[in-house]
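What follows is each chain in one-letter form.
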Amino acid sequence: MSGAGGGVGGAGAPRHGRRGKRSLRADGLGLLFCAVMAFPLYWMVLTALRPASEIRSSPPAFWTSEPTLDHFRRAMASETFWSSVRASALVGAGTVVISLLIGVLAAYAVARFSFIGRRVFVLVILSVQMIPLAGLIIPLYLLLSDAGLTDSLTGVVLTYLVFMLPFTVWLLRGFVAGIPVELEEAAMVDGCTRAGAFRRVTLPLLAPGLVATSIYSLVQAWNEYVLAYVLLSSNDKQTVSIWLVSFQTSFGTDYGALMAGATLTALPVVVFFLIVQRRVAAGLAAGAVKG
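Residues numbered from 1 in each chain as written. Predicted model: local features only at pLDDT ≥ 70, side-chain atom pairs only at ≥ 80, totals over all residues. Heavy atoms only, no water.

1. Some thoughts on the overall build of the chain
Moving on, step 1. Each helix and strand counted, the chain has 13 helices and two strands in total.
Moving on, step 2. Considering only residue pairs separated by 6 or more positions, the chain has 70% of its internal contacts joining residues 24 or more positions apart.
Moving on, step 3. When the accessible surface of the chain is split by element, carbon and sulfur atoms take 69% of a total near 17,200 Å². (Helix = DSSP H or I, 4+ residues; strand = E, 2+ residues; numbered from the N terminus. Contact = heavy atoms within 4.5 Å. Areas by Shrake-Rupley, 256 points an atom, 1.4 Å probe, with all protein chains shown as cover.)

2. What about the pattern of salt bridges?
Moving on, step 1. By the definition in use, this model includes four salt bridges.
Moving on, step 2. A salt bridge links arginine 74 to aspartate 254; the nearest nitrogen and oxygen atoms lie 2.9 Å apart. Highlighted residues: arginine 74 in helix α3 (residues 70-76) and aspartate 254 in the loop between β2 (252-253) and α13 (255-290), separated in sequence by 180 residues.
Moving on, step 3. The exposure class of arginine 74 is partly exposed, given its relative accessible area of 36%.
Moving on, step 4. Accessibility expressed as a relative area gives 28% for aspartate 254, which makes it partly exposed.
Moving on, step 5. Via salt bridges that share partners, Arg112, Glu184 and Arg194 belong to a single interconnected network. (Salt bridge = Lys/Arg side-chain N within 4 Å of Asp/Glu carboxyl O. Buried < 20%, exposed > 50% of the residue type's maximum accessible area, 1.4 Å probe, protein only.)

3. Things to note about the packing of helix α4 (residues 81-112) against helix α7 (residues 153-177)
Packed helix pairs are characterised by how far apart their axes lie and by the angle those axes make with each other.
Moving on, step 1. The geometry of α4 relative to α7 is characterised by a closest axis approach of 6 Å and an angle of 35 degrees between their N-to-C directions. Relative to α7, α4 is oriented so that their crossing is right-handed.
Moving on, step 2. Classifying every residue of the contact of α4 with α7 by side-chain character gives 22 nonpolar, five polar and two charged. (Axes fitted to C-alpha atoms, helices over the stretch in contact; angles between N-to-C directions. Left-handed = near helix turned anticlockwise from the far one by under 90°. Nonpolar A, V, L, I, M, F, W, Y, C, P; charged D, E, K, R; others polar.)

4. Examining the nonpolar core
Moving on, step 1. Counting 19 residues, the largest nonpolar core has Val91, Leu153, Val156, Tyr160, Leu227, Ala228 and Leu232 as the members making the most contacts within it.
Moving on, step 2. If you list the elements that add at least two residues to this core, you get α4, α6 (137-146), α7 and α11 (226-231).
Moving on, step 3. Broken down by element, the residue count for this core peaks at eight residues, all from α7.
Moving on, step 4. Ignoring sequence-local partners within four residues, the contact set of tyrosine 160 consists of Val91, Thr95, Ala221, Glu224, Leu227 and Ala228.
Moving on, step 5. Within the second largest apolar cluster, 14 residues are counted, among which are Phe72, Leu244, Phe247 and Ala262. (Core = buried A, V, L, I, M, F, W, Y, C linked by side-chain atoms within 4.5 Å.)

5. Considering unusual backbone geometry
In terms of backbone geometry, most residues other than glycine have negative phi values and most peptide bonds are trans.
Moving on, step 1. With a phi close to 55 degrees, aspartate 151 is a non-glycine residue in the positive phi region.
Moving on, step 2. Note on placement: aspartate 151 falls in the loop between α6 and α7.
Moving on, step 3. For aspartate 151, a relative accessible area of 18% corresponds to the buried category.

6. Quick notes on the packing of helix α5 (residues 118-130) against α7
Moving on, step 1. At a minimum axis distance of 9 Å, the contact between α5 and α7 shows a crossing angle of 130 degrees. What the angle tells us is that α5 and α7 run oblique. Classified by chirality, the crossing of α7 by α5 is left-handed. Here Phe121, Val122, Ile125, Leu126, Val128 and Gln129 of α5 come into contact with α7, specifically with Val162, Phe163, Pro166, Phe167, Val169, Trp170 and Arg173.
Moving on, step 2. Looking at side-chain class alone, the contact of α5 with α7 contains eleven nonpolar, one polar and one charged residues. (Parallel < 35°, antiparallel > 145°, perpendicular 65-115°, else oblique.)

7. Describing the side chain of threonine 68
Moving on, step 1. For threonine 68, the location among the structural elements is in the loop between α2 (52-55) and α3.
Moving on, step 2. Classification of threonine 68 by relative accessible area gives buried; the value is 15%.
Moving on, step 3. In this structure the side chain of threonine 68 is engaged in a polar contact, spanning 3.2 Å, whose partner is the backbone nitrogen of aspartate 70.
Moving on, step 4. Once you skip the residues sitting within four places of it in the chain, threonine 68 turns out to touch Ala48, Leu49, Arg50 and Pro51. (Polar contact = N/O pair within 3.5 Å; in protein donor to acceptor, adjacent residues only side chain to side chain.)

8. Observations regarding the confidence of the model for the chain
Moving on, step 1. Across the chain, the average pLDDT comes to 82, with 88% of residues at 70 or higher.
Moving on, step 2. When pLDDT is averaged over each helix and strand of the chain, the minimum, 71, is found for α13 and the maximum, 91, for α4.
Moving on, step 3. Note that residues 281-291 has pLDDT below 50 and, in this model, 15 contacts with residues that lie over four places away or in other chains. (pLDDT = per-residue confidence, 0-100.)

9. Digging into a nonpolar patch on the surface
Moving on, step 1. On the surface, Leu133, Ile138, Tyr141, Leu142, Tyr225, Val226, Tyr229, Val230 and Val245 cluster together into a nonpolar patch covering about 760 Å² of accessible area.
Moving on, step 2. Every element with two or more residues in the nonpolar patch is listed here: α6 and α11.
Moving on, step 3. When you line up the elements, tyrosine 229 lands in helix α11. (Patch = residues over 30% accessible without salt bridge, like charges linked within 9 Å, V, L, I, M, F, W, Y side chains within 5 Å.)

In structure tokens:
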């Protein structure tokens with residue numbers, strides 16, 4: 001008996017050890033992958049904090065003993081910085097809000113109702129995602145020019161919606177389809193209208209999908225360069241992605257101010273991500289209670 005038990009225990013110990021080794025390897029690979037992905041961001045921030053004399057040093061140092069904020073001051077003191085931030089904020093907020101308002105209603109209709117042409121509509125959504133952006137620049141510019149919307153933030157927002165809405169509808173459609181329709185039916189039995197059931201039951205459960213699509217829309221609208229460069233010509237309407245190019249001139253590139261500007265440009269997206277992430281669990285809990 002004891003010999004058998006010892007044999008079983010002896011056979012189980014190496015197996016547990018092998019699992020532990022595999023777990024350590026997986027953790028090590030994960031940390032290595034994270035380090036590789038985070039290194040460009042680290043180097044961007046480090047270059048923004050280096051004194052100008054250390055930026056072109058060879059061999060490059062992976063840390064600086066004399067960090068400075070001079071590059072950030074110079075970047076923020078440029079003439080078009082605050083106007084670029086305002087323009088990007090308006091474009092990003094407009095794109096996110098409008099794409100969510102239209103996208104969530106369209107996704108709900110596609111996921112919950114049967115109508116003629118629904119499959120064709122879904123196919124069109126997928127087809128739009130396959131069209132290259134470069135092939136639409138000239139037609140979009142001519143269309144907006146005829147409508148008097150060139151050099152206008154409204155025209156830029158409408159253009160971004162052409163590319164954001166299909167993804168928003170497609171992504172939210174999957175989230176809506178994953179919510180049991182019985183939850184809405186139970187709410188309507190309790191006296192809610194369909195709109196009330198959607199607002200009280202479905203919408204809170206869509207919090208993860210709303211977060212994902214809002215982050216995607218904001219990142220795309222905030223970082224997009226080609227369309228904004230073509231459509232906007234006034235200095236006070238140019239976005240931060242165009243503002244960053246001002247540090248590259250015929251006399252050379254101001255790498256310190258450029259990296260400081262890139263760091264400042266990335267901060268709003270990071271802050272927005274941290275804010276909306278905190279609301280995911282609250283939205284899921286609220287939806288579960290109402291269901």
